[in-house]
Amino acid sequence: MFQFLDNLYRKYAAESHREFEMMDNTGYRTGSFDSLHHPSDDDDDEMVDIAGATLDFSTTDDDPPLSSGVYEEHSSRAAGMNGNGPSKLVDLLEDPLPGLGTYEDFNTIDWVREKSKDRDRHREITNKSRQSTVALLHSVSDAFSGWLLMLLVGLMSGAVAGGIDIAAHWLTDMKEGVCLIGFWFNHEHCCWKSNQMTFQERDRCPQWQSWAELITGTAEGAFAYIVNYLMYIFWALLFAFLAVTLVRAFAPYACGSGIPEIKTILSGFIIRGYLGKWTLIIKTITLVLAVSSGLSLGKEGPLVHVACCCANILCHLFTKYRKNEAKRREVLSAAAAVGVSVAFGAPIGGVLFSLEEVSYYFPLKTLWRSFFAALVAAFTLRSINPFGNSRLVLFYVEFHAPWHLVELGPFILLGIFGGLWGAVFIRANIAWCRRRKTTRLGHYPVMEVLVVAALTAVVAYPNSYTRMSGAELISELFNDCSLLDSSQLCGYQQPTNTSETGVGNGLADRPAGDGLYTALWQLALALIFKMMITVITFGMKVPSGLFIPSMAVGAIAGRLLGVGMEQLAYYNHDSVIFKGWCSPGADCITPGLYAMVGAAACLGGVTRMTVSLVVIMFELTGGLEYIVPLMAATMTSKWVADAFGREGIYEAHIRLNGYPFLEPKEEFEHSSLAVDVMRPRRSDPALAVLTQEGMTVEQVEALVESTHYSGFPVVVSQESQRLVGFVLRRDLLISIDNARKRQEGIVSASMVVFTEHAPAQAAEAPPPLRLRGIMDLSPFTVTDHTPMDITVDIFRKLGLRQCLVTHNGRLLGIITKKDILKHMAQIANRDPDSILFN
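Residues numbered from 1 in each chain as written. Predicted model: local features only at pLDDT ≥ 70, side-chain atom pairs only at ≥ 80, totals over all residues. Heavy atoms only, no water.

A. The arrangement of the overall build of the protein chain in detail. Each helix and strand in the protein chain was counted, giving 29 helices and eleven strands. Sorting the 838 residues of the protein chain into buried and exposed places 57% on the buried side. When contacts within the protein chain are restricted to residue pairs at least 6 apart in sequence, those whose partners lie at least 24 apart make up 74%. Total accessible area computed for the protein chain in this model is approximately 33900 Å², and 61% of it derives from carbon and sulfur atoms. (Helix = DSSP H or I, 4+ residues; strand = E, 2+ residues; numbered from the N terminus. Buried < 20%, exposed > 50% of the residue type's maximum accessible area, 1.4 Å probe, protein only. Contact = heavy atoms within 4.5 Å. Areas by Shrake-Rupley, 256 points an atom, 1.4 Å probe, with all protein chains shown as cover.)

B. Up close: the pattern of salt bridges. Using the criterion set out here, one finds 21 salt bridges in the structure. Two residues, Lys-299 and Asp-165, come together in a salt bridge whose shortest N-O distance is 3.5 Å. Residue Lys-299 is found in the loop between α9 (277–292) and α10 (300–315), and its partner Asp-165 is found in helix α4 (residues 133–174); the two are separated by 134 residues along the sequence. A relative accessible area of 12% means that Lys-299 is categorised as buried. When its relative accessible area of 7% is taken as the criterion, Asp-165 is described as buried. Close ionic contact of Arg-608 with Asp-642 constitutes a salt bridge, the shortest N to O distance being 2.8 Å. Highlighted residues: Arg-608 in the loop between α21 (591–607) and α22 (611–621) and Asp-642 in helix α23 (residues 627–644), separated in sequence by 34 residues. The class of Asp-642 is buried, set by a relative accessible area of 14%. (Salt bridge = Lys/Arg side-chain N within 4 Å of Asp/Glu carboxyl O.)

C. Main features of helix α14 (residues 364–384). The terminal C-alpha atoms of α14 lie 31 Å apart, and with 21 residues this matches the ideal 30 Å at 1.5 Å per residue to within 8%. Those residues of α14 lying buried are Thr-366, Arg-369, Ser-370, Ala-373, Ala-374, Val-376, Ala-377, Ala-378, Thr-380 and Leu-381. Along its buried surface, α14 packs onto α4, α11 (319–322), α12 (325–344) and α13 (347–358). At the C-terminal side of α14, Asn-385 shows a positive phi close to 55°. (Expected span 1.5 Å × (residues − 1).)

D. Focus on the packing of aromatic side chains. Throughout the structure, instances matching the rule amount to 21 aromatic pairs. Centroid distance Trp-147 to Phe-372: 5.6 Å. Interplanar angle 75°. Geometry classified as edge-to-face. Here Trp-147 is found in helix α4, whereas its partner Phe-372 is found in helix α14, with 225 residues between them in sequence. Classification of Trp-147 by relative accessible area gives partly exposed; the value is 31%. When the ring of Trp-235 is compared with that of Phe-239, the centres are 5.6 Å apart and the planes differ by 35°; the resulting orientation is tilted. In this pair, Trp-235 and Phe-239 are both assigned in helix α7 (residues 222–250), four residues apart and thus about one turn of the helix distant. Across the pair, exposure class does not vary: Trp-235 and Phe-239 are buried alike. (Phe/Tyr/Trp six-rings, centres within 6.5 Å; stacked < 30°, edge-to-face > 60°.)

E. Structural view of α4. With 42 residues, α4 should reach 62 Å at 1.5 Å per residue; the first-to-last C-alpha distance of 60 Å fits that figure. A maximum bend of about 40° is found in α4 at Ser-145. At the N-terminal end of α4, a side-chain oxygen is found 3.2 Å from the backbone nitrogen of Ala-135, two or three residues along, and the residue is Ser-132. (Bend = angle between axes of the 7 residues up to and from the residue. Polar contact = N/O pair within 3.5 Å; in protein donor to acceptor, adjacent residues only side chain to side chain.)

F. Representation of the state of the cysteines within the structure. Following the criterion strictly, the structure yields two disulfides and no others. In this model Cys-179 forms its disulfide with Cys-190; the gap between the sulfur atoms is 2.0 Å. Judged by the sign of its S-S torsion, about 80°, the bond between Cys-179 and Cys-190 is right-handed. Of the two residues, Cys-179 sits in strand β1 (residues 177–179) while Cys-190 sits in helix α5 (residues 187–192), which places them eleven residues apart along the sequence. Judged by relative accessible area, Cys-190 falls into the buried class, the value being 3%. Each sulfur of the disulfide joining Cys-191 and Cys-205 lies 2.0 Å from the other. Its S-S torsion of approximately -75° makes the covalent link between Cys-191 and Cys-205 left-handed. (Disulfide = S-S within 2.5 Å.)

G. Looking closely at the sheet that holds strand β7 (residues 751–753). Spatial strand order, β4-β7-β8: three strands in an open sheet with mixed pairing. One side of each edge strand has no neighbouring strand; the edge strands of this open sheet are β4 (695–696) and β8 (769–770). Note: β4 against β7, two bridges, orientation antiparallel. Across the sheet, residue Thr-696 finds its bridge partner in β7, namely Met-751. (Pairing = 2+ DSSP bridges.)

H. Focus on unusual backbone geometry. In this structure, Pro-680 follows Arg-679 across a cis peptide bond, with omega equal to 0°. Among the structural elements, Pro-680 can be located in the loop between α25 (674–677) and β3 (690–691). A positive phi angle, close to 55°, is found at Asn-808, a residue other than glycine.

I. The arrangement of the packing of α4 against α10 in detail. Running from amino to carboxyl end, α4 crosses α10 at an angle of 140°, the nearest separation of the two axes being 9 Å. With respect to α10, the axis of α4 lies oblique. Seen from above, α4 lies across α10 with right-handed handedness. Across the interface between the two elements, Leu-149, Leu-152, Val-153, Met-156, Ser-157, Val-160, Ala-161 and Ile-164 from α4 touch Leu-303, Val-306, Ala-307, Cys-310, Ala-311, Leu-314 and Cys-315 from α10. For the contact of α4 with α10, the class distribution of residues is 14 nonpolar, one polar and no charged. (Axes fitted to C-alpha atoms, helices over the stretch in contact; angles between N-to-C directions. Parallel < 35°, antiparallel > 145°, perpendicular 65-115°, else oblique. Left-handed = near helix turned anticlockwise from the far one by under 90°. Nonpolar A, V, L, I, M, F, W, Y, C, P; charged D, E, K, R; others polar.)

Limitation: the analysis is restricted to geometry and does not speak to function.
Here is the structure:
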C-alpha cells in the first residue's frame with residue numbers, strides 16, 4: 001500500500017506546479033518556502049543584464065503563499081506506524097503540493113522530466129477516454145489543442161506584423177511630409193486617388209506636401225532644402241527618443257534583436273518576462289518607432305521575438321502547454337518560423353530558419369505544426385496587404401533573364417565579400433558591445449541612441465540612397481531597368497536604334513550615362529556609411545534587427561559589381577569571356593541579380609545561415625531560376641567567414657551575454673574526461689549530499705542554508721557514498737515548509753527519510769518526514785572515465801541540467817551545463833567566468 005501511494009505521489013506531484021511561473025524568479029533562495037519568490041510570468045520588472053543592458057531587480061508576489069489555507073498537506077504515513085495516531089492522507093491526484101516541479105529564473109529546465117511528465121499525462125487521458133464519452137471528448141480536444149494553438153499564433157502574429165508594416169511605412173514618410181487629405185495616409189496611399197499626377201513625377205501629387213511646402217510655401221531652393229533637412233532630423237530624433245525611453249521605462253527586454261535570447265530559451269533556459277505581455281506591447285510600438293527613425297536596423301529579426309511573445313501568451317490558454325516547459329518550447333519553435341514568415345513573406349523559409357538557426361529540439365510533429373502556423377500567418381498578412389501591391393513578398397523581381405556559367409565567378413566573389421564582411425562585422429560589433437558593457441557608455445543608453453540617430457540622420461539625408469528606408473533601398477537595388485524607369489540607377493544612354501532594345505523581359509546592355517555614374521558614387525558612399533553605422537547601431541537599447549542592414553550592404557556591393565560587369569560585357573563583346581553568349585544588342589548581364597546574390601552573401605556571412613537563407617531569398621524575390629547563384633554565394637560566404645571564426649552574430653552575442661547555451665554546431669575536440677570537469681575539484685570542499693536516512697529536518701535545512709546549489713545527490717550514507725537519487729533544492733524547500741505547516745508532529749528533530757519504508761524509531765521520537773516522492777530515482781550518471789565529447793553530446797541531445805559522476809556505483813561528483821561551458825571557455829582561452837548564469 002505504501003509503495004503504491006509513493007508511486008502515485010511521484011507520478012503526479014510534478015504536475016502540480018503553476019506554469020504562470022514559466023520564467024521564475026532569479027536564483028535559488030535559501031530558507032523556507034515563503035522566502036521563495038513567485039512573480040508572474042510576464043513581469044518585466046525583474047531582470048538582469050540582457051543584451052548589455054544593466055537592469056534593476058524588484059520584487060512582486062503574484063502567487064498565494066502556502067499558508068493561505070487552500071492546500072492540505074499529506075501527513076506522514078509513518079506517523080500512524082509510530083503510534084502518533086492516524087492523520088489525513090491528502091489525495092495526490094486532486095490536491096498535489098503546489099510549486100513542485102517548477103523552475104527558478106535563469107536556470108535550465110529538465111527536458112527528460114518534462115517529457116516524462118507529458119507522457120504520463122497523455123497516458124492518463126488515453127486510459128480515461130475508454131471509460132466515458134466525456135473523457136473521450138476531452139481526449140479529442142487535447143489532441144486538437146496543438147493545432148488550434150498554432151492557428152491562433154499564426155493569426156495573432158500575422159495581424160501584429162501587418163500593423164507594424166503599415167505603421168512603420170506611415171511614420172517613415174512623415175519625416176518628409178504630410179498628407180493634406182488625412183495625416184494618417186502615407187505618401188503612396190495619399191497619391192493613389194490623385195488625378196493630377198504625371199508619369200514623370202509619379203511620386204508627387206498636390207495632396208502630399210513636404211514640410212518645406214507647408215512651412216515656407218515652396219518646395220524649391222536652398223531654404224526649402226534646409227527646412228526639409230531639419231524636419232527630417234527632428235522626426236528622426238523624436239522617434240528614436242520615444243523608442244529608447246519606452247524600452248527603458250516599461251520593458252527593458254524589448255531591446256535588441258531577440259534572436260540570441262530566443263535561441264537560449266529554446267535550449268531550455270528560463271528568462272522570466274522575456275516573452276511576456278509587456279515585452280510584446282512595448283516591442284511592437286518601439287519597433288515601429290526605431291525603424292521609422294532611420295537608424296540602420298530592420299524589423300525582420302525582432303518579428304521573431306514578437307511572434308514568440310504571441311505564442312507564449314497564447315500558451316496560457318491551454319493547460320497542456322501552460323504546465324509543461326518542453327511542450328511550450330515546441331510552440332516557441334513554431335513561432336520562430338512564424339516570425340520569419342511574416343517578416344519576409346517566406347513561410348517555407350521560416351520553417352527552415354527555425355530548424356537550422358533557432359530551434360534546439362525540433363521533432364517531426366513540430367515541423368508539421370510550424371508549417372501550418374507559418375501558412376496561417378502568411379495568409380493573414382496577405383489578407384491585410386500591408387505593402388499595397390497584392391503580393392506577400394517584399395522585393396518581388398520582374399526580371400527572369402537567364403544567367404550564364406561564366407557569371408559564377410563574380411557570384412563567388414560576392415560570396416567572398418559577404419564572408420569577409422560578416423567576419424569583420426561580428427568582431428567589430430562584439431568589440432563595440434563589450435565596450436558598451438564595460439565602460440560608462442553603457443550607463444547612458446538614451447544619450448547613445450540619440451547621438452547615433454542624429455549622426456545617422458545628418459549623414460543620411462543628403463544621399464538619396466541612405467535617406468530611404470532599408471527595404472526601399474533593397475527594392476531599388478533589386479530592380480531591373482526598363483524604358484520607363486526614372487531611377488538614377490537606370491541613367492543609361494538611350495539606344496540609338498531599335499535593334500538595341502533587347503529581347504525578353506529586359507533591355508539590351510547599354511553604356512552608362514551621367515545619371516548612372518552619379519548613382520554609383522552615391523552607392524559607394526552609402527556602402528561605406530552602412531558598413532560603419534550598422535556596427536554601432538546593432539545592440540543599442542532599441543529593437544534592432546540585422547537582416548535588412550546586412551542585405552542592404554550586400555545589395556549595394558552586388559549592384560556595383562553588376563553594373564561593372566554589364567559595362568565590361570558591353571565594351572568587350574568579342575573577348576574570350578563573353579564571346580559566344582553575349583552578342584551585341586543582347587541583354588547579357590542583369591545588375592539586379594548581382595544585388596540579390598550580394599544581399600544573400602552578406603546576410604549569410606553575418607548569420608551563417610545556408611539552406612534557410614537560400615529558400616528565404618527565392619521566396620522573397622520570386623526568382624526561382626536564380627537558386628544556383630544564391631547557393632554558390634551563400635556557401636562561399638559561410639566558408640570564408642568560418643575561416644575567421646565559426647560563430648555567427650547570434651552565437652557571438654549569446655557568448656557575450658554569458659548565457660548557458662551549448663551550441664549544437666560546435667564540435668568538442670579536447671580529450672578530457674568527465675573526472676577533469678566535475679566538481680568538486682581536488683582543492684574544493686567535499687560534495688554536499690543528503691543521506692537517505694539519518695538526517696534531521698534541522699540538518700537538511702542547515703545544509704540548504706549553507707549552500708547555493710540547485711540540487712543535492714542522495715546517497716546511502718556518508719561512508720559508502722553509494723548513489724540513491726537526486727533531489728532538487730526547490731522541491732526540498734517546498735516539501736519541508738509545507739510539512740512544517742500542514743503535517744502534525746513535524747519539528748526540527750524529525751528524521752528526513754528517502755527510503756520506501758521508514759526505519760524503526762523510539763516511541764517518543766517525532767514522526768519522520770518522508771520525501772521519497774520528490775526524489776529522482778534515476779538521475780543520469782556517467783563514469784569518471786567517460787570522455788567529455790560523449791558527455792557533451794549527452795547534455796546536448798537530452799537537454800540535461802546536471803549529470804552525476806560515479807566510480808563503481810560510488811558518487812564522485814557532479815557536472816552541470818555551466819561546468820561544461822566553463823571548461824569549453826578555458827579550452828578556447830576565454831574567461832570561464834563569462835558564463836554568468838547557472
